[in-house]
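These are the residues of each chain, in order.
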Amino acid sequence: MTDLFEASGIHAPDAPLADRLRPQALDQVVGQDHLLGPGGPIRRMIEAGRLGSMILWGPPGTGKTTIARLLARAAGYEYQSISAVFSGVADLKKAFEAARMRRAAGQQTLLFVDEIHRFNRAQQDGFLPFVEEGIVTLVGATTENPSFELNGALLSRSQVYVLKRLDDASLDLLLGRAEALMGKPLPLTAEARQAMLALADGDGRYLLTMSEVLFDLTEVEPLDVQALAGVLQKRAPVYDKSREEHYNLISALHKSVRGSDPDAALYWLARMLNGGEDPLYLARRIVRMAVEDIGQADPLSILVANAAKDTYDFLGSPEGELALAQAVVHLATAPKSVGVYEAFKAAKRAAHETGSLMPPAHIRNAPTKLMKSLGYGKGYQYDPDTPEGFSGANFFPDEMERRTFYKPKGEGHEEKVKARLERWATMRARMP
């Protein structure tokens, strides 16, 4: 029965509001003008009269399924859909066989595969011959990064199009359509309406699901923000600790700290904590930021980062999260230097290149008479006892030329360190 309603463009009267408002033409799709608008790549396909296989990658509720249906309609293809959540190899074989029979009759098939990333690698390989032969035009939908979740061979035969999360203007347009269909406005104040758009978090389907709850209310007084919160359940942010979003957000946090932007850093920290990220994972990353991006420019940063980790370990959530925030602000506002980081990388390369060269004899340990007779420790000067507190001795292997690994730029604490190193280098050059 559902197919009959869809085929005629009519939705069942008891269908969810999101289904009843599903666009009937590509021009009605909101928020994806970069793909469907004039000059957009999908629009150009339609105008050329020939569709290519594609992967639609985007957040939930941005129109992936709708676009696939409308593409088939616009191009005159038979639309067939399967879901990777509910389908197996047998379902795929049936779909491909039906498409083969249609092709023999002169009818093209658009095969829409929802959640395509849920098919394993072997199942994804099964698409290849049918896509290559043109038996089906594949349109896959995924919320996950195709680079990580889909076979390279399948990606090479498809265009990947990124759908954007719906902005407030697009979401408000959907609310206007819902109000026109229902014949009445949503019972919301202007502030509550804006709060509802924020709560939708770019998901048009979720926005319309919330609207349906509000349209069913019997109260006539507009709800304010507090009353709206009482009616609607708060939605968990879209965040998966094991997926790409996790790495995107920790990258944003780290780069905000590195870029000396405490406000952005606090925002990404809050986003990850709200999403359920392990605070101790964040504490470890904060310690890494201190040693990787700040180092000797502000030696206190490593102490602050470790103290924040210990404080969270002691207090737990939510009180301990404030210590992480304090550490993030300290690191973001601290002077930055990769002097130690780069120096250690260079030293590791040199150690690998030079193998097992021995230290010069004067700094070798000489606990026995034999070692002393071999010259171990001979001529060693105890630097703190020298007049300048600096002997200028060579501490590299005799077979290795002196190298400079640590090159401070002079930020923060390193300004004094740089001056001291330059003074020592001058003294070393004067010594015989």
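Residues numbered from 1 in each chain as written. Predicted model: local features only at pLDDT ≥ 70, side-chain atom pairs only at ≥ 80, totals over all residues. Heavy atoms only, no water.

**Description of helix H4 (residues 41-48)**
Among the residues making up H4, those that are buried are Ile42, Arg43, Met45 and Ile46. The arc that holds the buried residues of H4, viewed along the axis, is 155°, so those residues lie on one side. Facing away from the buried side of H4 by more than 90 degrees, the exposed set consists of Glu47 and Ala48. Glycine 49 lies just past H4 and shows a positive phi near 80°. (Buried < 20%, exposed > 50% of the residue type's maximum accessible area, 1.4 Å probe, protein only. Helix = DSSP H or I, 4+ residues; strand = E, 2+ residues; numbered from the N terminus. Arc of directions from axis to C-beta.)

**Looking at the UniProt feature "domain: AAA+ ATPase" (unreviewed entry) in the protein**
Residues annotated in UniProt with the feature "domain: AAA+ ATPase" (unreviewed entry) correspond here to residues 50-166. Within residues 50-166, the helical portion is 40% and the strand portion 22%, while the C-alpha atoms at the span's ends are 28 Å from each other. (UniProt positions renumbered as here; feature names shortened; annotations may be inferred.)

**Here we look at the side chain of histidine 362**
Within the secondary structure, histidine 362 sits in the loop between helix H20 (339-354) and helix H21 (369-373). What makes histidine 362 buried here is its relative accessible area of 17%. There is a polar contact of 2.7 Å between the side chain of histidine 362 and the backbone oxygen of asparagine 394. Among all residues touching histidine 362, those that are not within four sequence positions of it are Gly377, Lys378, Gly379, Tyr380, Ala393, Asn394 and Phe395. (Polar contact = N/O pair within 3.5 Å; in protein donor to acceptor, adjacent residues only side chain to side chain. Contact = heavy atoms within 4.5 Å.)

**With respect to the sheet that holds strand S5 (residues 159-162)**
Pairing is parallel in the open sheet, where five strands are placed in the order S2-S3-S4-S1-S5. Two strands close off the open sheet at either side, each with one partner strand: strand S2 (78-83) and S5. On average, each strand axis in the sheet is tilted by 20° relative to the strand beside it, whichever way the strands run. Bridge count for S2 against strand S3 (residues 109-114) is six bridges, and the pairing is parallel. What sits directly across from serine 83, in S3, is aspartate 114. With respect to the sheet, helix H6 (residues 89-104) is in contact with S2 and S3, its orientation differing from that of S2 by roughly 170°. (Pairing = 2+ DSSP bridges. Axes fitted to C-alpha atoms, helices over the stretch in contact; angles between N-to-C directions.)

**Some details on the pattern of salt bridges**
For the structure on display, the rule yields 15 salt bridges. Arginine 20 is the salt-bridge partner of glutamate 212, the closest N and O atoms lying 3.4 Å from each other. Here arginine 20 lies in helix H2 (residues 17-20) and glutamate 212 lies in helix H13 (residues 204-215), a separation of 192 residues in the sequence. Across the salt bridge formed by aspartate 201 and arginine 165, the nearest N and O atoms sit 2.7 Å from each other. Highlighted residues: aspartate 201 in the loop between helix H12 (190-200) and H13 and arginine 165 in the loop between S5 and helix H11 (168-182), separated in sequence by 36 residues. One salt-bridge network, in which partners are shared between bridges, spans Arg258, Arg288, Glu292 and Asp293. (Salt bridge = Lys/Arg side-chain N within 4 Å of Asp/Glu carboxyl O.)

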